[in-house]
Every structure is written in structure tokens, then in C-alpha cells.
Amino acid sequence: MKTISTDTTERHAQLASAINDAAAIGKDELLGAIDLGSNSFHLAIARLDHGEVRKVASMSEKVQLAAGLDENNVLSEEAILRGLDCLHRFAQLVTEVNPDRLRIVATNALRKAVNAQEFVRRANQILPKPIEIIAGREEARLIYLGVSHSNASTDTRLVIDIGGGSTEFIIGQGFDPIETESLQMGCVSYTKKFFADGKITEEAFAAAAKHTQTELLTIAKRYKKVGWDNAIGSSGTIKAANLVLKELGFGGESVTLDGLLKLKKHLIKLGSIDKIDFEGVKAHRQAVFPAGVAELLEIMQVLQIDELGYSDGALREGVMYDMLGRLNQEDVRDRSVTALAERYSVDAKQAGRVMNRAARLFDEVKSVLGLSADSADLLRRTANLYEIGLAISHSNYQRHTAYLLEHSDIAGFSQVEQAMMAQIALHHRRKLKSDGLKIAENLGGRKLAYLCLLLRLAVQSSLSRTTKASPISLRVLSEDHWQVIVGAGLHEELIAEQLRLDAPNFAKWGVSLSVATL
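This one's a predicted model, so the numbers in the text were calculated from it and none came from an experiment.

**Things to note about the sheet that holds strand E7 (residues 167–173)**
A sheet is described by the order of its strands in space; here six strands give the open sequence E8-E7-E6-E9-E11-E10, paired in mixed fashion. The strands lining the two open edges of the sheet, one partner per strand, are strand E8 (176–183) and strand E10 (255–256). The sheet contact formed by strand E6 (residues 156–162) and E7 spans seven bridges and is antiparallel. Each residue of the ladder has a partner; that of Arg157, found in E7, is Gly172. Across the sheet, helix H5 (residues 136–150) lies against E6, E7, E8, strand E9 (230–234) and strand E11 (307–311), angled at about 130° from E8, the strand it touches most.

Following this line, the structure appears as C-alpha cells:
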């Protein structure tokens, strides 16, 4: 697929000026979001204004990451370099944003790429904050959050977002999603499958329609049963379609099914992507425009949508509103943890005991081990969920817990966060092995290994499942020598002996554990 480069120098200077002006008002009020989409990378910087997110600068570049995936889902070096070049430019624009107020999320192309971590590794050397690869349903939740805040309504709405490699469908009311789904179809992938030769034909539209019908089989009946009052679309494909329909006199303020049918005939009459010359379609979107129209047309026909509104709010706006919730102590991740614990009938009292014990141990050693507030949250949430695997089987339940944490759709969490929680939970019991340490450190460095060991201490000293059990405290004599002191109380000797027996496991992970009693 031909990639069109754009000179962004002047635009870059304008954005930098706008961001500097906003920072002068109050740097602590700035929020930033970077969305690494399959077709485009987007940057948005906003200022908090009386609790509302007011965008002060935004920038998009067509990177076409999905176009660089081969038949084995290996991301080409050329596509990686396109992405890194874009991120170099974005990184210069976020210097005024506090890293704690910046999130960088990646979607379908990096979800699919087997060498995604190679891209992430190189990109993280450029960016001030690590990239979060988010699951499809989490992407859908964030898109809905962006749309619902940008277009407030109490109606039940269907939101559709056609991206480069995936399309998200959300039914929600107010700010709350009811149904979320992400399907494997998008304007870039459809272009490669059905319009790769650059010709716009009836046959290409028919093939795209058939594929769309197949994908929609998984959700159409369920979504129609839930129902919606009105439908609204977001992101580039639907925006471009809306503009072109207006331009050709086929539509007004919204996308209509009748208008799309007329647009389909018009595109087929043109016959070639090279002949697309609409004001509403930027040069770098021309190649993927017919595929996007083909997909959107079939979606509206299958779901029986006659009219589709448009929202400027999308994923990056949703990311910022989600971040604002975290800053205001309204973190959706905590609600997700509570819901997951209830779903799997977790013993809430035991989870609370382990969580409190783990939190005390963490506070005693966080400075020496260089652990952050994010690490504290990760440990706290895992402690609440470490026994969810018991719902499957008591035998090796830590493995079941790890699997559920890593592979469930958990609102608010990135794939890396879930994988780290899975590692912490996996190693709270049974033998520790050197290959397990390697996996943990490759994922989250030495600090993740420390979190694994802290939860292990909290669980191993809470086996009696009572608040009267002897307390323990932890001293880090050096990073590789820890001393546990067991206080006076119930089962004091049993706890001390249990921890002494566990010392060889700690040694396998490079920590000498000594145990003392008062």
C-alpha cells in the first residue's frame, strides 16, 4: 500500500505554541493522550477547566501500522520506523505535560503484531511514559467515554467506531456502557483484502459486505435485543463519509443509509482510488476511503440503521476522561476489581487481611526498593483477587487466578497491567523457579519480582485466615537480603516456621530471607 508522507513542520510549530500558552496558564492542569491506531497516530493535549477537559492542541499522522503486518502478523521494519518517526515528533510536543497526566495507548495493530514488544521497546525509549496495549473491549469502553462526554445525552445510544484494523460497537446510556465489542474489520485491513489493486468495483463492495455480515453475526442479534434510541459514529472513516455526503448533496448533518447507497454507486462509477478527489477526504485517506464506506454501508444495513450521527469525541478523549477519573479517585479499575471479586465469590475478609498485610509490608520497604504509587496499586488490586482461581479448582488455583487475570476483559486495565497482576498472583504459593523470575523481570523488571515476593509474604503469613494472626514486619538489609520479624500473637511460631521453610524459594529469586521473632 502506498504511504503518503505529509510535511508537518508548520503544524508542529503551531501546536507547540498553543501548548506553551496553555502551560503558562497552569502546567499542572494539562492532560495528554496519544492513541497509536492501526491507521493513524493521534495526539491530544487538553487543559482542565472547572473539571472539564478542554482540548488545546491535537495532531494526527497517517502511520498505517496495520498496512505493515504480513500474513504472519509480523510488523515490518518500515512500519516500525514510520511509527517511531511519528512518536519522535509527538514526544517533542508533550514535554510540558506531567508524565503522571499522560497516557499512551495502542490498539488493534499492536494487539495483533507478534513482534509488538519490539516496537514497544524502541518506542518507550522515545516517550516519557510507557505504551499500554489495550484489549478490544477496553478500547470500546474508552471510545464510548469519549463520545458520551463530547455529546452528552440520556438516550440509549449505539456508538460505532471504524478504525484501521478493528471496529468497536458500544451500546450505552449516559456515561455508562451496557454492551462493548470489538470486531476484526477496519478500513486498512479491508483495503488490503478487497481493494488492494486500487480498483473500485461492485465485486469488491460485495466481498467486503459478505465479510462484514460474517463478523456481525456474533453481535447483531444481541445488540438488536438490547436496542438503542439513536446511533452515532466516531473517528476518521465516518467523519470523511459524512463530509463527502454533504459535498455531493447526498446528505445533511448525519450519515444516512440512502446517502451511502448513492455514494457507493458514485465510487464504483469513478472506478479507481486514484480518481477520488473530495474535499472531505484528505490525500492520505484516499486509499482506504472506499473500504471504509463499504464496511459502514453493510453495518448500517445489517443493524438496520437509517441515520448515523457523528461525534468528534473518540478514543483519545475517552483516555483523558478516564485519566481524569483516576486523578479524582474515581478509578474504574477499582470498580472492576470489586466486580471480579464478586463474580468469583472471593472471600472478602481474607482478601482484606492479605491486602492490608501486603500494604504494610510495601510501605516499610518502598523507599529502599524504589517502588512507586503505581506499584502499590498493582499489589493492592492483586491482593484482592489472588484467590479468584478457587472458583475453578483448589488444585493449583494460583495458575487459574493468573489465567483469569491475564485473559479476562477487565475494564480500565492495559494488557501489560493484567499480565503483571497475573505474575504477582501466580507466584504467591508453591515453588519459585528461575524461569518464572525471568518471565517476571522481562515483563516488569526487578520491581515486579519484588511485588511477587511481597504478596507471597503476606499470603504465607495469613494462612490461618484470622485477623488475630501474628503481625509481621519487613526490613530490607540490602536488595538481596530481607529480614522478616514475626511479632507476638496467634500462631507466632507456625508463621515463623512457614516463612523459614519458604526461604529457599526466595533464594532462587536472588533474595536471602531471614526470619526472627520478638
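Anyway, onward from the coordinates.
**Quick word on the pattern of salt bridges**
Within this structure, the stated rule accounts for 31 salt bridges. We note a salt bridge from Glu61 to Arg89, for which the minimum N-O separation is 2.6 Å. Placement of Glu61 in strand E3 (residues 52–62) and of Arg89 in helix H2 (residues 77–93) is noted, with a sequence separation of 28 residues between them. Glu179 is paired through a salt bridge with Arg222; the nearest N and O atoms lie 2.6 Å apart. With Glu179 in strand E8 and Arg222 in helix H8 (residues 220–226), this pair connects stretches of sequence that are 43 residues apart. Accessibility expressed as a relative area gives 18% for Glu179, which makes it buried. We classify Arg222 as partly exposed; its relative accessible area is 31%.

**Comments concerning the pairing of E8**
Alignment of E7 against E8, held across seven bridges, turns out to be antiparallel. Across the sheet, the residue bridging to Gly172 is Pro177, located in E8. Turn length for the E7-E8 hairpin, with the two strands adjacent in sequence and antiparallel, is two residues, and the turn residue Gly174 shows positive phi of about 60°.

**So, the packing of aromatic side chains**
One pass over the full model with this rule turns up five aromatic pairs. Centre to centre, the rings of Tyr190 and Phe194 are 5.1 Å apart; their planes meet at 85°, and the pair counts as edge-to-face. In this pair, Tyr190 and Phe194 are both assigned in helix H6 (residues 187–194), four residues apart and thus about one turn of the helix distant. For the pair Trp482 and Phe506, a centre-to-centre distance of 6.4 Å together with 65° between the ring planes defines the contact as edge-to-face. Here the residue Trp482 occupies a position in strand E13 (residues 481–486), and Phe506 occupies one in helix H19 (residues 492–508), the gap between them amounting to 24 residues. Assigned by exposure class, Trp482 and Phe506 land together as buried. Cluster of aromatic residues (ring-pair linked, three or more members): Tyr450, Trp482 and Phe506.

**Points about the packing of helix H17 (residues 415–426) against helix H18 (residues 434–460)**
At their nearest, the axes of H17 and H18 sit 9 Å apart, and the two run at 55° to each other. Relative to H18, the element H17 is oriented oblique. Regarding H17 and H18, the two cross each other, and that crossing is right-handed. Note on element contacts: H18 touches H17 through Gly436, Ile439, Ala440, Leu443, Gly444, Leu448, Leu451, Cys452 and Leu455, opposite Val416, Ala419, Met420, Gln423, Ile424 and Ala425.

Rules and cut-offs
- The numbering scheme is per chain: residues are counted from 1 as the chain's sequence reads.
- At least 70 in pLDDT is required for a residue's local features to be given in this predicted model, at least 80 for side-chain atom pairs to be given and counted, and no such filter applies to totals for whole chains, interfaces and linings, which use all residues.
- Water and hydrogen atoms play no part in the side-chain values, which are based on all heavy atoms of the structure.
- Strand pairing follows a simple DSSP-based rule, namely that at least 2 bridges must link the two strands.
- The numbering of helices and of strands both runs from the N terminus, where a helix is a DSSP run of H or I of at least 4 residues and a strand a run of E of at least 2.
- The contact rule is simple, with two residues in contact once any of their heavy atoms fall within 4.5 Å.
- Axes here refer to lines fitted to C-alpha atoms; in helices the fit is confined to the stretch in contact. Angles between the N-to-C directions go from 0 to 180 degrees.
- The salt bridge criterion pairs a side-chain nitrogen of Lys or Arg with a carboxyl oxygen of Asp or Glu, the two atoms within 4 Å.
- Each residue is assigned to one of three classes by its accessible area relative to the maximum for its type, calculated with a 1.4 Å probe on protein chains only: buried under 20%, partly exposed between the two thresholds, exposed over 50%.
- Under the pairing criterion, centres of Phe, Tyr and Trp rings, with the six-membered ring standing for Trp, must be within 6.5 Å; the plane angle then separates stacked pairs below 30 degrees from edge-to-face pairs above 60, leaving the rest tilted.
- We call two directions roughly parallel when the angle between them is under 35 degrees, roughly antiparallel when it is over 145, roughly perpendicular when it lies between 65 and 115, and oblique otherwise.
- Here a crossing is called left-handed whenever its near helix is offset anticlockwise from the far helix by less than a right angle, and right-handed whenever the offset is clockwise.

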